[in-house]
Amino acid sequence: METRKLYYEDTHIRTFSATVLGCEETPDGWEIILDATAFYPEGGGQACDLGILGGRNVLDVQERENAVVHLCDGPLTVGQTVEGAIDWERRFDLMQQHSGEHMVSGIIHALYGYQNMGFHIGSELVTVDVAGPVPGEDLQRIEDLTNAAIWENRAVKAWYPAPEELPSIPYRFKKALEGPVRIVEFPGTDICACCGTHVKFTGEVGLVKILSCVKFRNGVRLEMVSGKRAFDHLRRAYEQNRQVSQAFSAKIMETGEAARKMNEALNGEKFRVTGLQWQLFDHVAASYRGKGNVLHFAQGLAPADIRELADRIAKTCGGIAAVFCASAETYQLCMVSHGGDVKALGAAMNQALRGRGGGKPGFFQGSVSANREEIQGFFAGCGWEIL
Ligand SMILES: [Zn+2]
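Residues numbered from 1 in each chain as written. Predicted model: local features only at pLDDT ≥ 70, side-chain atom pairs only at ≥ 80, totals over all residues.

Caption draft 1: Spotlight on the domain arrangement of the protein. Considered domain by domain, the protein is made up of domain 1 (4-86), domain 2 (92-235) and domain 3 (281-381). The centre of domain 1, based on its C-alpha atoms, is set 28 Å off from the matching centre of domain 2. In this assembly, 9 residues from domain 1 lie in contact with 11 residues from domain 2. Of the residues in the side of domain 1 that touches domain 2, the class split is 3 nonpolar, 6 polar and no charged. (Domains from an automatic or database assignment. Contact = placed C-beta atoms within 7 Å. Nonpolar A, V, L, I, M, F, W, Y, C, P; charged D, E, K, R; others polar.)

Spelled out as structure tokens, the structure:
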């Protein structure tokens, strides 16, 4: 059985009529073969079309020898004429992404001579793997050249040259293809062997935006979007930037500068607050001078601050400084002894107060699942004076 490939005759056919040549039941559904189809089967890095065929849902489309096999969720009668309708939104998106990728890869090939080592049309982004380095400062130029070529709106050609013609055609290889080689040309931008479906005119790609370029193997991996995806991306990014601009009370194209200034101001404030906090810690530490072992409860401190306070108290009190700070259901704590050992005390406290943590001889950090009274009770039981 052989299927006429309407998707190669006209990539913009959305609906068609065809005769059912075969229908086989399989564990996954019914495999239906038609005399002609506009459903593109998976191949050449492009996903298959989905849609409706004779009232059935098309779940998958594969090419088998010369037949295009549609996996459907119900049977169709052999000999019957059926209507097919492909999911055009999905197909047009795939054609925009695929065609945009051709144009970027063709321009990179023309600029640097690099081959495309593969591409993937993901659900959000398209990745393109290029065989050599592309300097970051060249990305805008590649985008400019690609978009200028899109807006020239030139007709895209696809044909099967005679085998003897092939050597004279300067086309990029994607991979070695079996059977007759199909050449696709985006005039002035790309000539490539490809079995996928493409836009009719470059203008249909609309817009190409490169989103990132990172080192990958011996070359780079680009992330890009084309067509409606590029527009959707712009819309989301603009909305995010609008929110940032409102939050910073900055003009929408000056949010980067506003964010940098905010960061600088925040870092200055952090520095100032840390200085004030340490002054406060010194006052607390001074109040415990010569008191021996000290149990101190603090509020709202980060783990590093708890440690800093315990360290400062230990320097003045002449014994062990144990600082506890409430956090949710537990207490964070730090015990410090300059010249002493808090290991055994920490282990006993873990046991008594459902704690976890550890450290080294003069230092213990962790948390306990206990309330303030239980904590005070434990240290009182160790012979500490609870101040
Ligand atoms: Zn292609």
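Okay, back to it.
Caption draft 2: Region of interest: the pairing of strand β10 (residues 126-130). Across the two faces of β10 the burial differs, with Val126, Val128 and Val130 buried and Thr127 and Asp129 not buried at all. Of the pairings in the sheet, the one linking strand β9 (residues 116-121) to β10 comprises 5 bridges and is antiparallel in character. Each bridged residue has a counterpart across the sheet, and for Ile121 the counterpart in β10 is Val126. (Buried ≥ 20, exposed ≤ 12 C-beta atoms within 10 Å, placed from the backbone. Helix = DSSP H or I, 4+ residues; strand = E, 2+ residues; numbered from the N terminus. Pairing = 2+ DSSP bridges.)

Caption draft 3: Region of interest: the environment of Asn293. Mapped onto the elements of the fold, Asn293 is located in strand β16 (residues 292-298). Along the primary structure Asn293 and Gly179 are separated by 114 residues, whereas in three dimensions their C-alpha atoms are 87 Å apart. Residues in contact with Asn293, not counting those within four places in the same chain, are Gly319, Ile320 and Trp384.

Caption draft 4: Region of the structure containing the nonpolar core. Counting residues in each nonpolar core, the largest one holds 34 residues, and the members touching the most others are Ala310, Ile313, Ala321, Ala322, Val323, Leu333 and Met335. Elements with a contribution of two residues or more to this core: α5 (255-287), β16, α6 (303-317), β17 (318-327), β18 (330-336), α7 (343-352), β20 (363-368) and α8 (372-381). For Ala322, the contacting residues outside a window of four places in its chain are Val294, Leu295, Leu333, Met335 and Phe379. Residues Met103, Cys194, Val199 and Val205 belong to the second largest nonpolar core, which totals 31 residues. (Core = buried A, V, L, I, M, F, W, Y, C linked by C-beta atoms within 7 Å.)

Caption draft 5: The arrangement of the environment of Ser369 in detail. Within the element layout of this structure, Ser369 appears in the loop between β20 and α8. For Ser369, a count of 12 C-beta atoms within 10 Å translates into the label exposed. Apart from residues lying up to four places away in sequence, Ser369 is in contact with Glu329, Thr330 and Arg354.

Caption draft 6: Structural view of the sheet that holds strand β3 (residues 29-34). Taken together, 6 strands build a closed barrel; the order of strands is β2-β3-β7-β6-β5-β8 and the barrel is antiparallel. Mean inter-strand twist for the sheet, computed between neighbouring axes without regard to direction, equals 45°. With 6 bridges connecting them, strand β6 (residues 56-64) and strand β7 (residues 67-72) associate as antiparallel partners. Within β7, the position partnered with Arg64 by the bridge is Ala67. (Axes fitted to C-alpha atoms, helices over the stretch in contact; angles between N-to-C directions.)

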